[in-house]
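So you can see what is in the structure, the chains are spelled out below.
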Amino acid sequence: MSYTVIYAGTFDPITNGHLDIIYKASRLFSNVIVSVAKNPSKQPLLSLEERVELVKQSCAELDNIEVIGFSGLLADFAKQHNAKALIRGIRGADDIDYEIQLAQLNHKLSGDLETIFFPPSVEWRYLSSTMVREIYRHKGDISQFVPQAVKNALDFTKSSGEEIK
């Protein structure tokens, strides 16, 4: 049987920790949609279009991954794509309460949408996009934390003289 699952996030930028979760999901499910959220409550470093493109480039070798930008309720997006479950990464105890609340809310909104929690591999457990943005803003080396496509895009932004947000 073929199942579609969704791994949603702002991916600003996508990190090696996110990729770890995407690879795990791609091994277990026949169709994984990586949904890149336009979140009006956040001020992203990268535009939605840039984030979608960087996720696509980072997952290019996986043939069962589809990358789609979206705004609105995740439960509605999941219904539109006939998804059976959401994939969520949890790094530790700090994430659990919040993620369980989201899972319950999405289940209530959709009626039957489940959430599957994936811990990242130990080497990425500490990593977040927020940390990567901070390192980047302070001109630190992010190459060990992000896919090469992200490093290249952010290096280009720096070299072109664009202001770092």
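As the structure is a prediction and not an experimental result, all values here were calculated from the model.

**Student:** Would you explain unusual backbone geometry in this entry?
**Tutor:** Backbone phi values are negative for most residues with the exception of glycine, while trans is the configuration of most peptide bonds. Here Asp-12 and Pro-13 are connected by a cis peptide whose omega angle stands at -5°. Here Pro-13 is to be found in the loop between β1 (4-9) and α1 (16-28). Of note, the phi angle at Phe-11 is positive, near 50°, even though the residue is not glycine. Looking at the secondary structure, you find Phe-11 in the loop between β1 and α1.

**Student:** Even after reading the chapter, I still don't get the sheet that holds strand β5 (residues 114-118), so can you show me in this structure?
**Tutor:** Sheet strands pair via backbone hydrogen bonds, and the direction of the pair is either parallel or antiparallel. Read across the sheet, five strands follow the order β3-β2-β1-β4-β5 without closing on themselves; strand pairing throughout is parallel. This sheet does not close on itself; its edge strands, each paired only once, are β3 (65-70) and β5. If you compare each strand with its neighbour and ignore which way they point, the axes differ by 30° on average. In this structure, strand β2 (residues 31-37) lies alongside β3, joined through six bridges in parallel fashion. Considered in β3, the bridge of Ser-35 is made with Ile-68. α1 rests against β1, β2, β3, β4 (85-89) and β5 of the sheet, and its axis sits at about 120° to β5.

Calculation criteria
- Residues numbered from 1 in each chain as written.
- Predicted model: local features only at pLDDT ≥ 70, side-chain atom pairs only at ≥ 80, totals over all residues.
- Heavy atoms only, no water.
- Helix = DSSP H or I, 4+ residues; strand = E, 2+ residues; numbered from the N terminus.
- Pairing = 2+ DSSP bridges.
- Axes fitted to C-alpha atoms, helices over the stretch in contact; angles between N-to-C directions.
- Contact = heavy atoms within 4.5 Å.

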